[in-house]
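# Chains, contacts and geometry: an overview
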Amino acid sequence: MSGLYLHIPFCKQACSYCDFYFVTRQDQKAQFVEKLINEIHSKQDSVYSQGIIETIYFGGGTPSLLTIKELSSILEAIKSTFHLKAKEITIELNPDDVSKEYLDGLKGLGINRVSMGVQSFDEELLKFMHRAHNANEALQCLEILSLSAIEVFTADLIYGNPGQTLQMLEKDIDTLLQFDPPHVSAYSLTIEPRTRLGKQLELGRLMVPGDEVVEQHVDLVEEKLKRAGLFRYEVSNFAKPGREAVHNTNYWEHKNYLGLGPGAHSFWWDENKQGATRWSNEANLKKYLENNHTKEIEKVSLAGLAEERVMLALRTSKGFSLCELKTRYNYELSPGQLAYLERMAFEKKLVMEKDIKLTSKGLKITDAIILDLLTA
Ligand code: SF4
């Protein structure tokens, strides 16, 4: 079983915090769709097309800038190239692109999950983020979405913004919960160096909230979502039981995935299962269209994969087991690492039963625990 990720690199405008690969000119959209279809067909009769594709994810960029016809031609190419038994087909949407007709069109294509970049309902924060949509568009979109035939929708929220109070965040969460979302992704604002916010920070024009404020935001998000029946199954992801994202869960569980489009990442186990290869298409639309893009390739050893698996699993509510590490990665934790885990269990930051997983207390300091564990 594997997944397919398609990177659609077009956006209306650059969000101030975003460091994904995208372009704001859309005049090459038709040419891009054609190249993407060529790239899909190029995998015919390859190792990637032998197994079953269980999930497809249209990410970006802004995939909802593609028309239903364009999406349909991409899906047709996928069906004619791969063995598709899709459990989940997700598309990322921006609120300003959504209409009932568009959602009906997506449903008609077999897309059963949409992910909407709401981020906030506060006009000032949306402006600060330089989002293309306003609060009203987000509300209208959620209204249409919650009434649509699409099975699952998820909405993104960003907390920990400069000037965002707990009351503002609470209002955002309450507004979103009115639409009874089956899934929510909530991220703390991270400021990457190559972004507009990164430049402002460098110039000293931005004051970011301290760790204690961000921690209060996380607590509020977790508590309110839990009360609404959405459980934290990964550091940034909350879902009603059975509504967890399959595609993203497969990333954390080291299932194979193939990424197509400029800037897309792939991961594939070696045939002998003694390691894997990770690669990415160059993030450059011009070169992609000229068939001139390079791939950055990285070989990952079994031990490297095991450590990565520990890191990814500790971010999830499922955790990992020592047995899994042994059988899948031929890897054993050192006595020092086991002693560290026992200490964390004593401090109630972790549960050490058949599976080893962080408690809610531990999840607050996931990165620190992972770092300490891997260096213990
Ligand atoms: S819409 Fe998404 S991908 Fe595009 S700039 Fe904004 S955050 Fe980045």
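Residues numbered from 1 in each chain as written. Predicted model: local features only at pLDDT ≥ 70, side-chain atom pairs only at ≥ 80, totals over all residues. Heavy atoms only, no water.

## Some thoughts on the overall build of the protein chain
If you tally the helices and strands in the protein chain, you get 15 helices and 14 strands. Principal-axis analysis of the C-alpha atoms places the extent of the protein chain at approximately 55 × 55 × 45 Å. Split into buried and exposed, the 376 residues of the protein chain put 52% on the buried side. Residue pairs at least 24 apart in sequence account for 68% of intrachain contacts in the protein chain once pairs closer than 6 positions are excluded. With the model as given, the accessible surface of the protein chain reaches about 17600 Å², and the carbon-plus-sulfur share is 51%. Looking at the protein chain, you have 44 positive and 52 negative side-chain charges, and the mean spots of the two groups are 2 Å apart. (Helix = DSSP H or I, 4+ residues; strand = E, 2+ residues; numbered from the N terminus. Buried < 20%, exposed > 50% of the residue type's maximum accessible area, 1.4 Å probe, protein only. Contact = heavy atoms within 4.5 Å. Areas by Shrake-Rupley, 256 points an atom, 1.4 Å probe, with all protein chains shown as cover. Lys, Arg positive; Asp, Glu negative; His and termini not counted. Charge placed at Lys NZ, Arg CZ, Asp CG, Glu CD.)

## With respect to the site of the ligand
All residues in the neighbourhood of the ligand are listed as Cys11, Gln13, Cys15, Tyr17, Cys18, Phe22, Gly60, Gly61, Thr62, Asn94 and Arg131. Taken together, the residues of the shell around the ligand break down into five nonpolar, five polar and one charged. (Near = heavy atom within 4 Å. Nonpolar A, V, L, I, M, F, W, Y, C, P; charged D, E, K, R; others polar.)

## Quick word on the pattern of salt bridges
With the rule as written, the count across this model stands at 26 salt bridges. Glu170 is the partner of Lys224 in a salt bridge, and the nearest nitrogen-oxygen pair spans 3.0 Å. Here Glu170 lies in helix 6 (residues 166-177) and Lys224 lies in helix 8 (residues 211-227), a separation of 54 residues in the sequence. Salt-bridge contacts for Arg278 lead to Glu308; the nearest nitrogen and oxygen are separated by 2.8 Å. (Salt bridge = Lys/Arg side-chain N within 4 Å of Asp/Glu carboxyl O.)

## Section: the packing of helix 6 against helix 8
For the pair helix 6 and helix 8, the least separation of the axes is 10 Å and the interaxial angle reads 25°. On the basis of their axis angle, the class for helix 6 and helix 8 is roughly parallel. Seen from above, helix 6 lies across helix 8 with right-handed handedness. On helix 8, the residues touching Leu166, Leu169, Glu170, Ile173, Asp174 and Leu177 of helix 6 are Gln216, His217, Leu220, Val221, Lys224 and Leu225. Taken together, the residues of the contact of helix 6 with helix 8 break down into seven nonpolar, two polar and three charged. (Axes fitted to C-alpha atoms, helices over the stretch in contact; angles between N-to-C directions. Parallel < 35°, antiparallel > 145°, perpendicular 65-115°, else oblique. Left-handed = near helix turned anticlockwise from the far one by under 90°.)

## Describing the pairing of strand 1 (residues 2-8)
Counting buried positions along strand 1 yields seven of seven residues, so the element is predominantly enclosed. Taking every second residue as pointing to the same face, both faces of strand 1 are buried, with Ser2, Leu4, Leu6 and Ile8 on one and Gly3, Tyr5 and His7 on the other. Pairing of strand 1 with strand 9 (residues 256-260) involves five bridges; the strand directions are parallel. Directly across from Leu6, in strand 9, lies its bridge partner Leu260. Of the strand pairs in this sheet, strand 1 and strand 2 (residues 52-60) are connected by seven bridges, and their pairing is parallel. Paired with His7 across the strands is Gly59, a residue of strand 2. Since strand 1 and strand 2 lie parallel, the crossover through helix 1 (residues 29-41) that links them has a hand, and here it is right-handed. (Pairing = 2+ DSSP bridges. Right-handed = clockwise from strand over helix to strand, strands pointing away.)

## Let's talk about the packing of helix 13 (residues 335-346) against helix 15 (residues 366-375)
Running from N to C, helix 13 and helix 15 point in directions that differ by 150°, and their axes come no closer than 8 Å. Judged on the interaxial angle alone, helix 15 and helix 13 are roughly antiparallel. For the element pair helix 13 and helix 15, the recorded crossing hand is right-handed. The segment helix 13 lies against helix 15, with Gln337, Tyr340, Leu341 and Met344 engaging Ala368, Ile369, Asp372, Leu373 and Leu374. Each residue belonging to the contact of helix 13 with helix 15 can be placed in one class, and the counts come to seven nonpolar, one polar and one charged.

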